[in-house]
Structure formats: structure tokens, C-alpha cells
Amino acid sequence: MARIIIEGAINGTTRKTVLKALQQVEEREFPALVLRIDSPGGTVGDSQEIHSALLRLRQKGCHVVASFGNISASGGVYVGVAAD
């Protein structure tokens, strides 16, 4: 099982880090991913790219579970709704 943590604002740096981690999850064929989100949101484009990457990962058979922290708003919620 894999775990990815998104903390703070979702921006270009966050997007690059998360997309790289998601690629590793896909390459190593993890059966499940726990996505921990503690974010007030961020830019629309960066949130959209993470959301889309999560949907692609799910299509390949990986189960994605989102866990929300103290704050999850805007882009943080949008990313989370891509989970199972």
C-alpha cells in the first residue's frame, strides 16, 4: 500500500511532487493508495492535473482512499473527490 501526503497550498511545486509520486505508485503497481490531504486549496490547473492523474491511476486498478486533515477546501477537496 502506498501513501502520499498533500500538505499546504496546491501549487506548481506540489503538483510536480505529487505527480512524480503517483507515477511511482503506478510503476510499482501498488494495489492501493492512501492520499492524505491537509490543504486549503490552490491553483485550479495544478489541482486539476492531480485529480486527472488519480482518475487514471484508478482506471489501472489501484484503489485510492482519501483522508482529510484539519483543513481541506477548494483544490484539496477537488483532488480528494477523485478517490474511491
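Residues numbered from 1 in each chain as written. Predicted model: local features only at pLDDT ≥ 70, side-chain atom pairs only at ≥ 80, totals over all residues. Heavy atoms only, no water.

### Structural notes on the pattern of salt bridges
Applicable threshold: Salt bridges are defined by distance alone: a side-chain nitrogen of Lys or Arg within 4 Å of a carboxyl oxygen of Asp or Glu. Numbering goes from the N terminus for both helices and strands, where a helix is a DSSP run of H or I of at least four residues and a strand is a run of E of at least two. Think of it in three bands: residues with accessible area under 20% of the maximum for their type are buried, residues over 50% are exposed, and the middle band is partly exposed, with areas taken using a 1.4 Å probe on protein chains only.
For the structure shown, the criterion picks out four salt bridges. A salt bridge links Asp46 to Arg15; the nearest nitrogen and oxygen atoms lie 2.6 Å apart. In this pair, Asp46 is assigned in helix α2 (residues 44-59) and Arg15 in helix α1 (residues 12-27), connecting sequence segments 31 residues apart. Each member of the pair, Asp46 as well as Arg15, is classed as buried. Look at the salt bridges and you will find they share partners, linking Arg15, Asp46 and Glu49 into a network.

### Here's the deal with the sheet that holds strand β1 (residues 2-7)
Quick note on the threshold: DSSP bridges decide pairing: two strands pair if at least two such bridges lie between them. A fitted line through C-alpha atoms represents every axis, and for helices the fit uses only the stretch in contact; the resulting angles, taken between N-to-C directions, go from 0 to 180 degrees. Only heavy atoms enter the contact rule, under which two residues are in contact if any of them lie within 4.5 Å.
With parallel pairing, three strands are arranged side by side in an open sheet as β1-β2-β3. What marks the edges here is a single partner per strand, and that holds for β1 and β3 (63-72). The mean inter-strand angle of the sheet, taken between neighbouring strand axes irrespective of direction, is 15°. In terms of strand pairing, β1 meets strand β2 (residues 32-39) through six bridges, oriented parallel. Directly across from Ile6, in β2, lies its bridge partner Ile37. Lying over the sheet, α1 contacts β1 and β2, oriented at roughly 175° with respect to β1.

### Structural notes on the pairing of β3
The criterion, for reference: Looking down the strands as they point away from you, a crossover is right-handed if its path from the first strand over the helix to the second goes clockwise.
In this structure, β2 lies alongside β3, joined through seven bridges in parallel fashion. The residue bridging Ala32 from the neighbouring strand is His63, located in β3. Where the polypeptide runs from β2 across α2 and back to β3, its parallel neighbour, the crossover connection is right-handed.

### Some thoughts on the nonpolar core
The condition is simple: The set of buried Ala, Val, Leu, Ile, Met, Phe, Trp, Tyr and Cys residues whose side-chain atoms join them within 4.5 Å is what this entry labels a nonpolar core.
In terms of nonpolar packing, the biggest core is built from 19 residues, with Leu22, Leu33, Leu54 and Val79 touching the most fellow members. Counting only elements with at least two residues in this core, the list comes to β1, α1, β2 and α2. When residues of this core are assigned to their parent elements, the largest contribution, four residues, is made by α2.

### What to know about the environment of Asn70
As for its position among the elements, Asn70 is in strand β3. Here the alpha-carbon distance between Asn70 and Ser39, two residues 31 residues apart in the chain, equals 8.2 Å.

### Things to note about the packing of α1 against α2
Relative orientation and spacing of two packed helices are given, respectively, by the angle between their axes and the distance between those axes. So the rule is basically this: With respect to orientation, any angle under 35 degrees is reported as roughly parallel, any angle over 145 as roughly antiparallel, any angle of 65 to 115 as roughly perpendicular, and every other angle as oblique. When residues are sorted by character, Ala, Val, Leu, Ile, Met, Phe, Trp, Tyr, Cys and Pro go into the nonpolar class, Asp, Glu, Lys and Arg into the charged class, and all the rest, Gly among them, into the polar class.
The N-to-C vectors of α1 and α2 enclose an angle of 10°; their axes lie 9 Å apart at closest approach. Relative to α2, the element α1 lies roughly parallel. Side by side, α1 and α2 meet where Gly12, Arg15, Val18, Leu19, Leu22, Val25 and Glu26 of the first sit next to Asp46, Glu49, Ile50, Ala53, Leu54 and Leu57 of the second. A per-class count over the contact of α1 with α2 returns eight nonpolar, one polar and four charged.

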